[in-house]
Amino acid sequence: MIDSSSYLRATADAYDAVAVRYAEFVRAEFDGLPLDRAVLAAFAEYVRAAGAGPVAELGCGPGRVTAHLRDLGLDVFGVDLSPVMIELAREAYPDLRFEVGSMHALDLADERLRGIVSWYSIIHVPPRDVPSYLAEFRRVMAPGGHLLLAFFESEGGPPAAFDHKVTTAHRWPIDDLAGLAGEAGFVEVGRMLREPREGERFRRGHLLMRNGG
Ligand SMILES: C[S@@+](CC[C@H](N)C(=O)[O-])C[C@H]1O[C@@H](n2cnc3c(N)ncnc32)[C@H](O)[C@@H]1O
């Protein structure tokens, strides 16, 4: 049982407050990030190869990653804690479905999804709660479905909070997150580490996992 209500409220409030500026800041971000696009393209290819079915972007913010996944041929929808983010996503991409909700308690039947992307959203979850979130991802994932996690990597240190510009966030050793996802029932397909580009502070971690169940 997760008691993260204060984290959920604080995160939703913080992202509500900056949503318009955040959406503008990230709007064209992928243009200069070929490795990030490559990871998303690989995820989409694995999902398409495993058969048709819905994909969720959990912690979708203003929806630009959801739209990118749609452009890669996926049947995708977005979920986010922040009602303002969801409003912006609906305005920007009226052809896509976006819902307010938390990724720790999804309104989805067991084994409903063929894929899940958490693109810099698991970073805000208190580390002790991350195993419960991964268990929820596993619950809603069809056998053979794929999970993609993007996060700030800790470059040798333990999981640790840092001064994220919006609200508390954590950097993770890639092996630790891969280990927790493994304990939840996911099998690693591959990983990508990207060094920070100009203006970024931390190495970026990407983990592509498959539901082994
Ligand atoms: C750094 S933003 C990333 C947004 C989007 N994935 C992107 O890259 O543009 C993190 C997002 O995760 C959302 N978030 C954090 N915890 C969440 C939770 N438990 N359930 C749903 N969304 C959550 C926040 O509201 C925020 O919009």
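None of these values were measured; they are calculated from a predicted model.

About the criteria used
- Residues numbered from 1 in each chain as written.
- Predicted model: local features only at pLDDT ≥ 70, side-chain atom pairs only at ≥ 80, totals over all residues.
- Pairing = 2+ DSSP bridges.
- Helix = DSSP H or I, 4+ residues; strand = E, 2+ residues; numbered from the N terminus.
- Axes fitted to C-alpha atoms, helices over the stretch in contact; angles between N-to-C directions.
- Contact = placed C-beta atoms within 7 Å.
- UniProt positions renumbered as here; feature names shortened; annotations may be inferred.
- Core = buried A, V, L, I, M, F, W, Y, C linked by C-beta atoms within 7 Å.
- Buried ≥ 20, exposed ≤ 12 C-beta atoms within 10 Å, placed from the backbone.
- Right-handed = clockwise from strand over helix to strand, strands pointing away.

1. Thoughts on the sheet that holds strand β5 (residues 141-152)
Phase 1: Spatial strand order, β3-β2-β1-β4-β5-β9-β8: seven strands in an open sheet with mixed pairing. Single-partner strands in this sheet number two, and they are β3 (97-100) and β8 (186-194). Averaged over all pairs of adjacent strands, the angle between strand axes in this sheet comes to 15°, irrespective of strand direction.
Phase 2: In this sheet, strand β9 (residues 204-211) lies alongside β8 in antiparallel orientation, the contact comprising eight bridges. By the bridge assignment for β9, Leu193 is matched with Gly205.
Phase 3: Most of the contacts of helix α4 (residues 83-92) go to β3, to which it runs at about 170°, and overall it touches β2 (75-80) and β3.
Phase 4: The strands that helix α6 (residues 174-183) touches are β5, β8 and β9; relative to β8, the one it contacts most, it runs at about 160°.

2. Concerning the UniProt feature "domain: Methyltransferase" (unreviewed entry) in the protein chain
Phase 1: Mapped onto this numbering, the UniProt entry gives "domain: Methyltransferase" (unreviewed entry) at residues 55-145.
Phase 2: For the annotated span residues 55-145, helix accounts for 32% and strand for 29% of the residues, and the straight-line distance between the end C-alpha atoms is 9 Å.

3. Details of the nonpolar core
Proteins that are soluble and globular tend to have nonpolar side chains buried together.
Phase 1: Counting 52 residues, the largest nonpolar core has Leu69, Ile116, Leu147, Leu149, Phe151 and Ala181 as its most contacted members.
Phase 2: In terms of residues, this core owes the most to one element, β5, which gives seven residues.

4. Quick look at unusual backbone geometry
Phase 1: Phi is positive for Tyr120, which is not a glycine, with a value near 60°.
Phase 2: The topology assignment puts Tyr120 in the loop between β4 (113-119) and α5 (130-140).
Phase 3: For Glu155, which is not glycine, the phi torsion reads 50° and is therefore positive.
Phase 4: Assignment of secondary structure puts Glu155 in the loop between β5 and β6 (160-162).

5. Remarks on the pairing of β5
Phase 1: Taking burial as the measure, the twelve residues of β5 include nine buried ones, the bulk of the element.
Phase 2: Strand direction decides the pairing type here: β4 and β5, joined by six bridges, are parallel. Following the sheet pairing, Ser118 is matched in β5 by Leu149.
Phase 3: With α5 bridging β4 and the parallel β5, this β-α-β connection has right-handed handedness.
Phase 4: Two strands pair when backbone bridges link them, and β5 and β9 are joined in this way by seven bridges, in the antiparallel orientation. Within β9, the position partnered with Leu148 by the bridge is Leu208.

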